[in-house]
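Okay, here's what each chain looks like letter by letter:
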Amino acid sequence: MNLPTPSKLKAIMSRVTFLMLLLASSQTHVVAQESPKYNRDIRPLLSDRCFKCHGPDSHSRAADLRLDLQEEAVKDRGGYWAIVPGDADGSDLWERISTTDPDLVMPPPETGKSLSDEERTQLRNWIDQGATYEKHWAYAPLKTNLENTTLSETIDELVERELLAQGLHRNPEADETTLLRRLHLDLTGLPPTREQIESYLREESGDRYANRVNQLLESPQYGERMAMYWLDLVRYADTVGYHGDQDHAITPYRDWVIYAFNRDMPFDEFSRDQLAGDLLPEATVDQRIASGYNRLLQTSHEGGVQQKEYLAKYASDRVRNFSMVWLGSTLGCCECHDHKYDPFTQRDFYQLAAFFADIDDLQSFKGTNSLPTKREPELEVLSPLDRLRIEGLKNQLELLESSTEETEDLSHGPDRQVLLNQIEQLEKRRRRTMVSKAIKPRPIRVLDRGDWMDEGGPVVEPNVPGILPSLSTVSDSGPRRATRLDLAQWLFEENRPLTARVFVNRIWYLFFNSGLSSSLEDSGNQGEWPTHPELLDALASTFAQSQWSVKSLIREIVLSKTYRQSSLPTPEALESDPENLWLSHQTRYRLPAEMIRDLALMSSGLLVDELGGPSARPYQPAGYYAHLNFPTRAYYADKDQQQYRRGVYIHWQRQFLHPMLRAFDAPTREECTAQRPISNTPLAALTLLNDPSFVEAARVLAQRSLVANDSSVAPSIKWIFQQVMTRGIKPDELQILLTLYESQLQQYQQLDPTALEVLKVGMAPLEEQLVPAQVAAMLFVARAILNTNEAITRN
């Protein structure tokens with residue numbers, strides 16, 4: 001008879017004792033202390049310190065031990081157990097993390113991942129209290145109960161609950177001007193005008209804030225603001241990226257994104273058209289334009305390109321982007337091996353790649369060194385925004401002609417001709433754009449260690465990662481190969497919480513500068529546990545129930561008291577919650593690059609607020625493109641109204657991103673970017689002072705202020721300050737700027753006239769009736785105001 005060893009007998013008795021204690025606890029309703037939560041407290045520890053060697057990747061797994069799966073962690077390992085639920089002393093895990101022997105301690109000292117005493121205690125308590133595992137929060141079913149309240153009320157209730165638990169309180173509402181500026185910047189990317197502020201303050205309706213929210217959500221500028229973020233996610237750019245970084249034809253896709261956000265296209269439809277618009281029955285032109293998403297990756301037609309190698313590059317690029325954008329997952333890590341931290345396999349990676357194997361990439365290799373290069377298949381199209389403008393102009397023309405017929409007033413003849421000319425010009429503005437066109441799928445095989453030359457791996461069919469709900473393509477006629485359209489529809493089927501959680505978390509980030517889970521690019525084991533999991537689920541479930549309406553989601557967020565509160569933290573909040581995890585106040589942060597430029601142009605009156613069209617080319621330093629070849633090229637800044645377009649339309653050169661965009665942390669868009677960094681550098685300040693676009697904006701501000709105020713200095717400074725800051729100037733601020741103006745005026749009056757060359761920067765005309773030295777001095781004041789922290793900060 002085989003008797004258990006003493007250590008095994010001890011572990012068995014420990015388990016029996018633990019079960020008896022559990023039973024007693026359930027009968028008497030007494031729990032000694034709350035268990036640490038696995039998802040919140042334990043999983044992040046194990047993932048960061050243990051999973052690399054004891055996690056999903058079988059190739060790098062040590063001692064054949066998995067700690068990411070409960071059944072593996074607690075199983076009998078031949079007389080000992082890694083984890084004995086209820087008995088840390090009987091668990092080998094505790095023995096290894098608590099020993100002082102450097103040869104035995106885990107994690108090994110050389111990893112630099114040693115546990116602190118507090119972390120060891122937390123693991124011990126978790127084991128002693130049952131070592132309960134939980135399904136990963138991102139993949140678990142949504143849990144929510146709105147109890148007949150609006151989403152905005154639910155937001156406030158759940159935030160308030162956590163604040164009280166932390167001994168904190170919500171800030172009062174921000175003052176009206178600050179709140180209005182915040183709202184306008186968040187929803188349109190532009191500050192409110194003086195007239196918009198005054199009309200808001202005059203309105204006596206108790207619903208005036210909600211009314212303004214609705215007006216801004218219905219404004220054309222809303223779509224431009226939302227597109228800025230989406231284009232970062234999908235790595236939209238005007239150039240191919242690799243080798244010669246030639247221009248490629250894709251701007252109608254950018255216009256389609258703006259159009260889709262403005263009409264509140266449901267997010268499931270928005271996603272479907274991009275992933276598989278070309279596969280829809282009788283696909284429309286717009287749906288084919290949207291399918292250009294699949295062509296946004298970096299490509300090359302360099303003569304020495306190995307086609308097989310680059311087809312593998314393109315496949316992996318698409319998997320990385322798809323998984324990051326819609327799943328918030330780092331599946332790109334699986335190109336060469338199973339994921340080190342998450343339950344994704346290398347086979348999962350190549351099965352996802354197989355969905356995109358029907359995209360005709362071979363034609364990309366036939367590209368030319370022309371500008372733009374050809375990347376067939378392409379279409380010549382009228383962008384949806386141009387089409388929308390034509391429809392609007394035709395409506396105006398119809399009203400004008402009916403008015404003329406009724407009144408027999410022929411004075412409208414010139415107006416009619418202007419409209420006809422505008423319609424004709426827009427109808428001619430057809431642009432080429434890359435689209436997807438399905439061909440016979442090429443075989444996709446698992447590449448050993450990601451080696452594109454390897455042909456020994458198994459060929460795989462399209463399928464979704466095994467850890468996620470399955471995708472079925474079985475019909476009455478039997479199974480068929482899954483397509484990109486199946487993949488797009490699978491994302492939004494019932495009980496698919498991941499897509500909704502990922503998207504609403506990023507939307508929350510746009511309005512608070514941090515997601516409820518701060519890791520916007522990783523919802524896996526290395527990602528951050530949400531500070532407010534119930535709130536994240538409430539947002540996600542409401543989003544799905546609202547037919548995936550992005551505007552409805554945003555409306556509820558900005559109507560909440562949590563959004564509307566002041567951004568000035570109390571001393572208590574700064575001390576106990578310096579990162580504002582519990583949302584006791586709103587956040588203050590520097591605006592994105594495009595908005596900073598837009599603000600300067602709008603404040604000066606130079607901004608051309610026209611939707612869509614070709615990419616704009618602002619002023620740029622001479623010689624910046626000197627190292628671009630195939631072909632060699634010079635940069636020619638626009639010399640018409642294109643110069644003053646919004647930042648979302650700026651030409652995006654991947655290898656040589658415009659210096660102003662780079663100075664303010666805009667990404668090159670070679671990969672998905674879910675969260676831009678925010679730096680504070682001298683280079684950024686110098687850009688605000690000296691970039692020709694900002695110098696010209698400051699000059700026009702100076703000219704307009706002097707003209708509006710009959711060259712009176714103090715009123716002119718007040719006027720500029722109001723234009724930029726959207727608030728009145730304080731007496732001490734005015735005195736500082738008056739002193740600055742006087743000192744600059746004296747210098748310009750004494751300097752050689754060549755110093756006034758600064759007035760010639762930019763295309764905007766000079767106001768000849770003004771005194772040049774006064775304009776130059778006021779220009780300096782305007783530059784200073786545009787360079788303040790407040791001017792470029794969203795409060």
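Each remark here, short or long, concerns the structure printed above.
Each value, and the rule that gives it
- Residues numbered from 1 in each chain as written.
- Predicted model: local features only at pLDDT ≥ 70, side-chain atom pairs only at ≥ 80, totals over all residues.
- Heavy atoms only, no water.
- Helix = DSSP H or I, 4+ residues; strand = E, 2+ residues; numbered from the N terminus.
- Rg over C-alpha atoms; globule rule 2.2 N^0.38 Å.
- Contact = heavy atoms within 4.5 Å.
- Lys, Arg positive; Asp, Glu negative; His and termini not counted.
- Charge placed at Lys NZ, Arg CZ, Asp CG, Glu CD.
- 1 Å grid on protein atoms, 1.4 Å probe; cavity = no way out; pocket = protein on both sides within 12 Å on 5 of 7 lines; lining within 4 Å.
- Points joined across faces, edges and corners; volume = space filled by probe spheres on them.
- Nonpolar A, V, L, I, M, F, W, Y, C, P; charged D, E, K, R; others polar.
- Expected span 1.5 Å × (residues − 1).
- Buried < 20%, exposed > 50% of the residue type's maximum accessible area, 1.4 Å probe, protein only.
- Phe/Tyr/Trp six-rings, centres within 6.5 Å; stacked < 30°, edge-to-face > 60°.
- Lys NZ or Arg CZ within 6 Å of the ring centre and 35° of its normal.
- Salt bridge = Lys/Arg side-chain N within 4 Å of Asp/Glu carboxyl O.
- Axes fitted to C-alpha atoms, helices over the stretch in contact; angles between N-to-C directions.
- Parallel < 35°, antiparallel > 145°, perpendicular 65-115°, else oblique.
- Core = buried A, V, L, I, M, F, W, Y, C linked by side-chain atoms within 4.5 Å.
- Polar contact = N/O pair within 3.5 Å; in protein donor to acceptor, adjacent residues only side chain to side chain.
- Left-handed = near helix turned anticlockwise from the far one by under 90°.

### Re the overall build of the protein
Secondary structure assignment for the protein yields 31 helices and six strands. Relative to the compact-globule value of 28 Å for 795 residues, the protein shows a C-alpha radius of gyration of 30 Å, a close match. The principal-axis extent of the C-alpha atoms belonging to the protein is close to 110 × 65 × 60 Å. Sequence separation of 24 or more characterises 73% of the internal contacts of the protein that already satisfy a separation of 6 or more. Seen as two clouds, the 86 positive and the 113 negative side-chain charges of the protein have centres 4 Å apart.

### Quick notes on the layout of surface pockets
Approximately 640 Å³ is the volume found for the largest pocket. In terms of lining, the largest pocket is formed by 24 residues, of which the most central are Lys-37, Trp-529, His-532, Pro-533 and Glu-534. When residues of the lining of the largest pocket are traced back to their parent elements, those giving at least two are helix H2 (38-49), helix H7 (151-165) and helix H21 (533-545). The element best represented in the lining of the largest pocket is H21, accounting for five residues. Split by residue class, the lining of the largest pocket holds 11 nonpolar, three polar and 10 charged.

### Digging into helix H25 (residues 593-604)
For H25, with 12 residues, the first-to-last C-alpha span of 17 Å sits near the 16 Å given by 1.5 Å per residue. Summarising burial for H25: 11 of the 12 residues are buried, a large majority. With its phi angle positive at about 90°, Gly-605 sits one or two positions after the end of H25.

### Let's talk about the packing of aromatic side chains
On inspection of all chains with the given rule, the structure shows 32 aromatic pairs. Taken together, a centroid distance of 6.0 Å and an interplanar angle of 15° make the contact between Tyr-314 and Phe-365 stacked. Residue Tyr-314 is found in helix H15 (residues 307-327), and its partner Phe-365 is found in the loop between helix H16 (346-355) and strand S1 (378-381); the two are separated by 51 residues along the sequence. Each member of the pair, Tyr-314 as well as Phe-365, carries the same accessibility label: buried. In this arrangement the basic side chain of Arg-387 is found over the ring face of Tyr-259, its NZ or CZ atom lying 5.6 Å from the centre. Geometry around Trp-652 places Arg-669 over its ring, the cationic atom sitting 3.7 Å from the centre.

### Observations regarding unusual backbone geometry
Note that the residue after Met-106, namely Pro-107, is joined by a cis bond; omega there is -10°. Tracing the chain through its elements places Pro-107 in the loop between helix H5 (92-98) and helix H6 (117-128). Of note, the amide linkage connecting Phe-630 to Pro-631 takes the cis form, showing an omega dihedral of 0°. Of note, Pro-631 is situated in the loop between H25 and helix H26 (659-663). In this structure, Arg-669 takes a positive phi of about 65° despite not being glycine. Position of Arg-669 relative to the elements: it lies in the loop between H26 and helix H27 (682-690).

### Notes on the environment of Asp-691
Within the secondary structure, Asp-691 is located in the loop between H27 and helix H28 (692-708). The class of Asp-691 is buried, set by a relative accessible area of 11%. Sequence separation of Asp-691 and Leu-231 is 460 residues, and the distance between their C-alpha atoms is 24 Å. The contact partners of Asp-691, leaving out residues within four places of it in the chain, are His-658, Met-660 and Leu-686.

### Some thoughts on empty space enclosed by the protein
Under the counting rule described, the total for this entry stands at eight cavities of 30 Å³ or more. Surrounding the largest cavity, 23 residues form its lining, Arg-225, Tyr-509, Leu-510, Pro-592 and Arg-676 being those nearest its centre. Among the secondary structure elements, those contributing two or more residues to the lining of the largest cavity are helix H8 (176-188), helix H11 (220-233), helix H20 (497-512), strand S5 (589-590) and H25. When residues of the lining of the largest cavity are assigned to their parent elements, the largest contribution, four residues, is made by H11. The residue makeup of the lining of the largest cavity, split by class, is 13 nonpolar, three polar and seven charged.

### Overview of the pattern of salt bridges
In this structure the tally under the stated criterion is 54 salt bridges. Across the salt bridge formed by Asp-232 and Arg-669, the nearest N and O atoms sit 2.9 Å from each other. Here the residue Asp-232 occupies a position in helix H11, and Arg-669 occupies one in the loop between H26 and H27, the gap between them amounting to 437 residues. Of the two residues, Asp-232 and Arg-669, both sit in the buried class. Linked through salt bridges whose partners overlap, the residues forming this network are Arg-254, Asp-255, Asp-386, Arg-389, Arg-429, Arg-431 and Glu-610.

### Notes on the environment of Leu-606
With respect to the helices and strands, the residue Leu-606 is situated in the loop between H25 and H26. Each C-alpha atom, one on Leu-606 and one on Gln-641, is 9.0 Å from the other, the two residues being 35 residues apart in sequence. Look past the residues within four positions of Leu-606 in its chain and what remains in contact with it is Leu-601, Tyr-644, Glu-696, Ala-697, Val-700 and Ala-764.

### A word on the packing of H15 against H16
The N-to-C vectors of H15 and H16 enclose an angle of 100°; their axes lie 9 Å apart at closest approach. As summarised for this structure, H15 and H16 are arranged roughly perpendicular, according to the angle between their axes. Between H15 and H16, the residues in contact are Ala-315, Ser-316, Val-319 and Phe-322 and Phe-349, Leu-352 and Ala-353, respectively. Tallied by class, the residues present in the contact of H15 with H16 amount to six nonpolar, one polar and no charged.

### So, the nonpolar core
In a soluble, globular protein the nonpolar side chains are often hidden away together inside. By size, the foremost hydrophobic cluster in this structure holds 169 residues, and its most contacted members are Trp-230 and Tyr-253. Element by element, the count of residues in this core is highest for H20, at 11 residues. Each residue touching Trp-230, except ones within four places of it in the same chain, is listed here: Tyr-253, Val-257, Phe-261, Phe-267, Phe-270, Gln-274, Val-325, Trp-326 and Phe-503. Residues Ile-42, Leu-65, Trp-94 and Leu-115 belong to the second largest nonpolar core, which totals 22 residues.

### Describing the side chain of Asp-264
Structurally, Asp-264 is set in the loop between helix H12 (251-262) and helix H13 (267-276). Not counting chain neighbours up to four residues away, the residues in contact with Asp-264 comprise Ser-549, Val-550 and Lys-551.

### Some details on the side chain of Asp-522
Relative to the assigned elements, Asp-522 resides in the loop between H20 and H21. Summary of buried charges: Asp-522 has no salt-bridge partner, and the nearest side chain of opposite charge, Arg-506, is 9.0 Å away. A polar side-chain atom of Asp-522 sits 2.8 Å from the main-chain amide nitrogen of Gly-524. Discounting residues that sit within four places of it in the chain, Asp-522 has contacts with Gly-328, Thr-330, Asp-342 and Gly-527.

### Comments concerning the packing of helix H30 (residues 731-750) against helix H31 (residues 772-786)
Two elements in contact, H30 and H31, have axes whose closest approach is 8 Å; the angle formed by their N-to-C orientations is 140°. Taken together, the axes of H30 and H31 lie oblique to each other. By crossing handedness, the relation of H30 to H31 is classed as right-handed. In contact with Leu-737, Leu-740, Tyr-741, Gln-744, Leu-745, Tyr-748 and Gln-749 of H30, H31 contributes Ala-773, Gln-774, Ala-776, Ala-777, Met-778, Phe-780, Val-781, Ala-784 and Ile-785. Among the residues making up the contact of H30 with H31, the classes are represented as 13 nonpolar, three polar and no charged.

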